[in-house]
Amino acid sequence: MASGREEREAFARIGESAIFAGFGDKAALERLPRPENMMDRPYGGTAINSKMMNTVWIVMPILILLMFLLGTDLNAQSFANVARNPRAVLFGMLGQLVLLPLIAFGLGWVFHLSPVYFMGLVLIACCPGGSSSNVFSMLAKGDVALSVTLTAISSVVTLFTLPFIMELASRFVSRQSGLEVNLPVGKLLLQNLVLLFVPILAGILFRRFWPHAAAKVRRILGKAAFPALMFLALVFFLQYTQEIVDNFAVLGMATASLVLLAMLCSSLLSRLGGFSPAVRRTIVIEVGMQNAAQAIAIAFSPFIFNSGQMAIPAILYALMMNVILLFYVFAIRRQSAPCKATRNKE
């Protein structure tokens, strides 16, 4: 007779594996361990365990903090910039909402990712731009106003595009694996509204009515946001060390390829648009930098997927994204330094 702990761990493995067995591996369900005396599984057959719930209570506040911070950066001018440079906004949204998910679908197929990781990779590609993309645009001497506008618009638009694209991914996985994958679209939309739209709106209103206090809070939260995200990554890594290590070669390559291809394709797209170097750099950063905290929150949510495995691509993406974009910013700044020195001599 299995112990209570062994039953709970097997219970959780069955919950995830029953939904996300390998592509075309219909016999996988029959090979799963089946502990005795299991209760009915809520939320589409996925078990809720204490480890997941502990991580949820970490990721939710961090996501709310990041979205509130984004809101304090926004005002009416942030959205009015659409009229100032509509083509740049259109190309940026095209890269983020269409190009990036297509790249994720293609990489999931090329790397033969199992459905849970395939869904995780597509999920990170569906999320809006990361709140720190504005800082990266500034460091890369990009168009910071455009960056803020793209982040703001993508955060609103993806409230509705994310459920749509993930529904397509769910159907694709169902056809390939022969297993039924149910996406609770209503719950996903509701969670996005609560965790994204409400904090952003609160940040906007806070800046509107208390601008001086908002500036102080923005400085404090701006310094705390990145360490908070890194703390989340550390907690997640400690909980899923073995699985991350076992799959790092494939998932590391897949997530790094997603960042690099997103940057390359968005660079080509912005060049086709004939934009200035500053605008091109901003579009590259916005398309390459995604809101990993949101992807983790959706993957872990007990109301949607409740899957720690699905969050692994988002964690690795956050790591690859920051490393690659830091090198990108360093290269841009190093390239522009000789030009500035030449102008000063003249």
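Look up: the structure comes first, before these words.
Residue indices begin from 1 for each chain and proceed along its sequence in written order. Since the coordinates come from a predicted model, pLDDT governs what is reported: local features require at least 70, and pairs of side-chain atoms require 80 or more to be given and counted, while whole-chain, interface and lining totals use all residues. Side-chain measures here rest on the full set of heavy atoms in the structure, leaving out hydrogens and waters.

### Considerations on the environment of Ile-220
- A run of DSSP states H or I qualifies as a helix once it reaches four residues; a run of E qualifies as a strand once it reaches two. Both are numbered from the N-terminal end. Position of Ile-220 relative to the elements: it lies in helix H10 (residues 211–239).
- Among the residues examined, Ile-220 registers a relative accessible area of 58% and is labelled exposed.
- Linking Ile-220 and Leu-69, residues 151 residues apart in sequence, is a C-alpha distance of 9.6 Å. Burial classes: relative accessible area under 20% of the type maximum marks a residue as buried, over 50% as exposed, and values in between as partly exposed (1.4 Å probe, protein chains only).

### Here's the deal with the environment of Gln-239
- Following the sequence through the fold, Gln-239 ends up in helix H10.
- Using a relative accessible area of 23% as the deciding quantity, one classes Gln-239 as partly exposed.
- As a C-alpha pair, Gln-239 and Gly-308 span 69 residues in sequence and 9.2 Å in three-dimensional space.

### Some remarks on the packing of helix H8 (residues 144–177) against helix H9 (residues 185–209)
- For the pair H8 and H9, interaxial distance at closest approach is 10 Å and the crossing angle is 160°. In terms of axis orientation, H8 runs roughly antiparallel to H9. Relative to H9, the crossing made by H8 is right-handed. Listed contacts from H9 to Ser-155, Thr-158, Leu-159, Phe-160, Leu-162, Pro-163 and Glu-167 of H8 are Val-185, Leu-188, Leu-189, Asn-192, Leu-193, Leu-196, Phe-197 and Ile-200. Axis definition: a line fitted to C-alpha atoms, over the contacting stretch in the case of helices. Angles run 0 to 180 degrees between N-to-C directions. An angle counts as roughly parallel when it lies under 35 degrees, as roughly antiparallel when it exceeds 145, as roughly perpendicular when it falls between 65 and 115, and as oblique in every other case. Each helix crossing is assigned a hand: it is left-handed if the near helix lies turned anticlockwise from the far helix by less than a right angle, otherwise right-handed if that turn is clockwise. Between two residues, a contact is recorded if the distance between any of their heavy atoms is within 4.5 Å.

### Considering the packing of aromatic side chains
- Each Phe, Tyr or Trp ring, with Trp reduced to its six-membered ring, pairs with another whose centre is within 6.5 Å; inter-plane angles below 30 degrees give stacked pairs, above 60 give edge-to-face pairs, and intermediate values give tilted ones. Counted under the stated rule, the structure contains seven aromatic pairs.
- With centroids separated by 5.3 Å and ring planes inclined at 25°, the aromatic side chains of Phe-118 and Phe-172 adopt a geometry described as stacked. One end of the pair, Phe-118, is in helix H6 (residues 115–126); the other, Phe-172, is in helix H8, and 54 residues separate them in sequence.
- Taking relative accessible area as the criterion, Phe-118 reaches 1% and is therefore assigned buried.
- Following the ring pairs from residue to residue traces out a cluster consisting of Phe-68, Phe-206, Phe-209 and Trp-210.

These results come straight from atomic positions and should not be treated as a statement about function.
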